[in-house]
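Close look at the chain arrangement
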Amino acid sequence: MACNLYASMAFIRMHPYRAMKSAELASAESEPARAERGVAEANARARQAAKRKARTDRQGQKMRTTGSQAKIVLDTAKERSEVSGGSDVRLRARRMDAAQNEVNAAQEAIVVLQLLVIAIPESGLAKGRDVLQVDNLTFGYGNDHPVLRDVSLSVRGPERIAIEGSNCSGKSTLLGCTMGELTGWTGDVALHVPAARLDQDMSMFGDDETFTKAFARLDPEASENDRRAVLAHFLFRGNDA
């Protein structure tokens, strides 16, 4: 398998996906404004209702003062107004909650669709230093169906590479072979620098361990603000962390 050809084909396949996600993001970015208008309209209706209620109360108080209406009539009207007013308040509160929930949902949708951008510091490796050498690696989980066939690649400092491909195409298997977790059928793998792997199953996390707790365990010298700032770069914010 020629890795440069494989990576190029994977990148080409990714273009339609990225275009689709960009279109989804553009659509989602218009939703908060619409939802905010809903909140503003709900607030305006609440203010108008409060003004009407205050005007009705003033009229009732004036009638009591002047004695233009019998007390029993005024008491009945007041009781009916209070019952109706309480129902209106609860209805307006529900509408306000619904409008605010729409705003929150619209903002969360944008966060989910935003492209993940990570500022990666320099590797610190000298130019040309050998990092990884893979020669003619073949590996499979069955005796007659190799997942990787004749894979060869080299990585030298300070370059970085990305391995892209569809599910079950062998990306994690290749990383497992380079880390010595899996042994190839044929070929050689030489890793020349200290390395660590964050696997897709997140086995480094304990049961029911949050990201912030795991961060604190793995880097106890980092402050709470430092931990949350780093996690925010990966879109894990607030309770999501």
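The structure reproduced in this document is the subject of the present report. Along each chain, residue indices are assigned from 1 in the same order as the chain's sequence is written. Local features in this predicted model are restricted to residues whose pLDDT is 70 or higher, and side-chain atom pairs enter the listing and the counts only when it is 80 or higher, whereas totals over whole chains, interfaces and linings include all residues. The basis for every side-chain value is the complete set of non-hydrogen atoms in the structure, without hydrogens or water.

This part is about the packing of helix α5 (residues 211–218) against helix α6 (residues 224–233). Angle between the axes and distance between the axes are the two parameters that describe a pair of packed helices. Between N-to-C directions, angles cover 0 to 180 degrees, with each direction set by a line fitted to C-alpha atoms, over the stretch in contact for helices. Think of it this way: any DSSP run of H or I at least four residues long counts as a helix, any run of E at least two long counts as a strand, and we number them from the N terminus. Look at α5 against α6: their axes get within 10 Å of each other, and the N-to-C directions meet at 120 degrees. With respect to α6, the element α5 is oriented oblique. At the point where α5 passes α6, the crossing takes the right-handed sense. Along the contact surface, α5 presents F211, T212, F215 and A216, while α6 presents R227, R228, V230 and L231. Residue type decides the class: Asp, Glu, Lys and Arg count as charged, Ala, Val, Leu, Ile, Met, Phe, Trp, Tyr, Cys and Pro as nonpolar, and the leftover types, Gly among them, as polar. Considered class by class, the residues forming the contact of α5 with α6 number 5 nonpolar, 1 polar and 2 charged. Roughly parallel refers to an angle under 35 degrees, roughly antiparallel to one over 145, roughly perpendicular to one between 65 and 115, and oblique to any angle outside these ranges. In a left-handed crossing the near helix is turned counterclockwise from the far helix by less than a right angle, and in a right-handed crossing that turn is clockwise. Every residue pair with non-hydrogen atoms within 4.5 Å of one another is taken to be in contact.

Another aspect to go through is α5. Three exposure classes are used, based on accessible area relative to the maximum for each residue type with a 1.4 Å probe and protein chains only: buried under 20%, partly exposed in between, and exposed over 50%. Taken as a whole, α5 has its buried residues at T212, A214 and F215. Along the axis of α5, the buried residues cluster in a sector spanning 160 degrees; they form a single face. Those residues of α5 that are buried are in contact with α6. Along the arc lie the directions from the helix axis toward the C-beta atoms.

The next thing to look at is the side chain of T173. Note on placement: T173 falls in helix α4 (residues 171–178). We call two N or O atoms a polar contact when they sit within 3.5 Å, provided that within protein one can donate a hydrogen and the other can accept it, with sequence-adjacent residues counted only if both atoms are side-chain atoms. Of the polar contacts made by the side chain of T173, one reaches the side chain of Y141; its length is 2.9 Å. Apart from residues no more than four positions distant in its own chain, T173 is found in contact with F139, Y141, V147, L148 and L182.

Attention shifts here to the pairing of strand β2 (residues 146–156). Bridge analysis of strand β1 (residues 130–140) against β2 gives 7 bridges, and the strand direction is antiparallel. Across the sheet, V134 pairs through a bridge with L153, a residue of β2. Should DSSP find at least two bridges between two strands, the strands are taken to pair. Between β1 and β2, which pair antiparallel in sequence order, lie 5 residues.

Glancing now at the nonpolar core. Counting 12 residues, the largest nonpolar core consists of V131, L132, V134, L137, F139, L148, V151, L153, V155, L174, C177 and V193. Of all the secondary structure elements, the ones that give two or more residues to this core are β1, β2 and α4. The element contributing the most residues to this core is β1, with 5 residues. Residues grouped as a nonpolar core are buried Ala, Val, Leu, Ile, Met, Phe, Trp, Tyr and Cys residues, joined through side-chain atoms within 4.5 Å.

Here we take up the pattern of salt bridges. What makes a salt bridge here is a side-chain nitrogen of Lys or Arg within 4 Å of a carboxyl oxygen of Asp or Glu, nothing more. Taken as a whole and assessed by the stated rule, the structure comprises 5 salt bridges. Close ionic contact of R197 with E181 constitutes a salt bridge, the shortest N to O distance being 2.5 Å. With R197 in the loop between β3 (186–191) and α5 and E181 in the loop between α4 and β3, this residue pair connects regions lying 16 residues apart in the sequence. Relative accessible area serves as the criterion here: at 27%, R197 is assigned to the partly exposed category. When its relative accessible area of 46% is taken as the criterion, E181 is described as partly exposed. Each of E224, R227 and R228 takes part in a single network of salt bridges with overlapping partners.

All of the buried residues along α4 are T173, L174, G176, C177 and T178. In this structure, the buried side of α4 is in contact with β1, β2 and β3.

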